[in-house]
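Observations on the model geometry
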Amino acid sequence: GKNIQTAVTDLERWGIKILRMSRLYETEPVGVKDQPAFYNAAAVGETALTPEEVLMAVHAIERSLKRERKVKWGPRTIDIDILMYDDLVLEMDGLVVPHPRMVERRFVLAPLSEVAGAVIHPVLQKTISELLSECEDTAEVKHL
């Protein structure tokens with residue numbers, strides 16, 4: 001939880017104004033089970049930065065919080081994903097928007113639905129709330 005709060009403060013320093021923030025959600029780990037639970041949250045922000053600049057900011061914040069990818073799906077201090085950027089559909093090296101796997105993950109859709117439930121996914125043309133109700137992921141996601 002503390003890392004998420006630090007990341008939010010850092011995003012604001014980079015010029016990404018956080019308008020809405022979900023509650024914190026706890027999720028059982030995917031893939032590697034023998035590790036602590038994951039905490040997830042979603043935020044809606046406003047910025048004059050381009051998607052590429054937002055990605056640079058995200059990487060800098062992850063580095064400052066000592067993010068290390070030692071094990072695929074393993075424990076990490078922070079993982080910041082750019083899920084959507086307005087109704088932009090973008091595919092470039094290192095950044096695909098909307099996030100290609102977001103609709104498969106209840107731990108992403110649950111907090112996102114809380115802060116942006118009525119937002120329409122620009123490719124699937126469904127709201128985030130609809131995508132959550134259709135999500136087949138059975139992982140237990142509970143808000144704290």
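Small disclaimer: the values here were computed from a predicted structure and weren't measured.

Within this structure, the stated rule accounts for 4 salt bridges. The partner of D10 in a salt bridge is R13, with the nearest N and O atoms 2.7 Å apart. Taken together, the positions of D10 and R13, both in helix 1 (residues 2-13) and 3 residues apart, correspond to about one turn of that helix. Taking the relative accessible area as the measure of exposure, D10 reaches 13% and is therefore buried. For R13, a relative accessible area of 65% corresponds to the exposed category.

This paragraph deals with unusual backbone geometry. The amide bond that connects V97 to the next residue, P98, takes the cis arrangement and shows omega of -5°. Residue position: P98 is located in the loop between strand 6 (95-97) and helix 3 (106-116). Look at D86: it is not a glycine, yet its phi comes out positive at around 50°. At Q125, a position not held by glycine, the phi torsion is positive, near 55°.

The next thing to look at is the nonpolar core. Counting 19 residues, the largest nonpolar core has A7, I16, V54, I61, I78, I80 and I82 as the members making the most contacts within it. For this core, the secondary structure elements donating two or more residues are helix 1, strand 1 (16-21), helix 2 (51-64) and strand 6. It is helix 2 that contributes the most residues to this core, 5 residues altogether. Contact partners of A7, with chain neighbours within four places excluded, come to I61, L65, I78 and I80. Within the second largest apolar cluster, 17 residues are counted, among which are A42, A110, L131 and V141.

With that out of the way, let us pick up the confidence of the model for the protein chain. The pLDDT averaged across the protein chain works out to 89; a share of 90% of its residues lies at or above 70. Of all secondary-structure elements in the protein chain, the lowest mean pLDDT belongs to strand 3 (residues 38-40), at 88, while helix 4 (residues 128-134) reaches the highest, 98.

Below, the discussion takes up the environment of V115. Take V115: it is sitting in helix 3. Each C-alpha atom of the pair V115 and L19 lies 9.3 Å from the other, and the pair is 96 residues apart in sequence. Among all residues touching V115, those that are not within four sequence positions of it are R20, M21, S22, A42, A43 and V44.

Glancing now at helix 2. Between its first and last C-alpha, helix 2 extends 20 Å over 14 residues, near the 20 Å set by a 1.5 Å rise per residue. K66 occupies a position one or two residues after helix 2 and carries a positive phi of about 60°.

Of all 11 residues making up helix 3, 9 are buried, and the element is well covered by its neighbours. All of the buried residues along helix 3 are F107, V108, L109, A110, P111, L112, S113, V115 and A116. On its buried face, helix 3 sits against strand 1, strand 2 (25-27), strand 3, strand 4 (43-47), helix 4 and strand 7 (141-143).

All right, on to the sheet that holds strand 7 then. Backbone-to-backbone hydrogen bonds join strands into a sheet, with any given pair of strands oriented parallel or antiparallel. One open sheet accounts for 3 strands, arranged 3-2-7; its pairing is antiparallel. Every interior strand has two partners, whereas the edge strands, strand 3 and strand 7, have only one. Shown here is a sheet whose adjacent strand axes are inclined to one another by a mean of 30°, direction ignored. Pairing between strand 2 and strand 3: 3 bridges, direction antiparallel. By the bridge assignment, T27 is partnered in strand 3 with F38.

Thresholds applied
Position numbers for residues start from 1 in each chain and track the written sequence from start to end. The predicted origin of the model limits local features to residues at a pLDDT of at least 70 and limits the giving and counting of side-chain atom pairs to 80 or more, whereas totals for whole chains, interfaces and linings rest on all residues. The side-chain values count all of the structure's non-hydrogen atoms but skip hydrogen atoms and water molecules. The salt bridge definition used is simple: a Lys or Arg side-chain nitrogen within 4 Å of an Asp or Glu carboxyl oxygen. Helix and strand labels come from DSSP, where a helix needs a run of H or I of at least four residues and a strand needs a run of E of at least two; each type is numbered from the N terminus. The cut-offs for exposure are 20% and 50% of the maximum accessible area for each residue type, with area from a 1.4 Å probe on protein chains only; residues under the lower value are buried, those over the upper are exposed, and the others partly exposed. As used in this record, nonpolar core signifies buried Ala, Val, Leu, Ile, Met, Phe, Trp, Tyr and Cys residues forming a set joined through side-chain atoms within 4.5 Å. It only takes one pair of heavy atoms within 4.5 Å for two residues to be counted as in contact. The predictor attaches a confidence to each residue, called pLDDT, with possible values from 0 through 100. Multiplying one less than the number of residues by 1.5 Å gives the expected span of a helix. What makes two strands pair is DSSP finding at least two bridges between them. All axes are obtained by fitting lines to C-alpha atoms, using only the stretch in contact for helices, and the reported angles, taken between N-to-C directions, cover 0 to 180 degrees.

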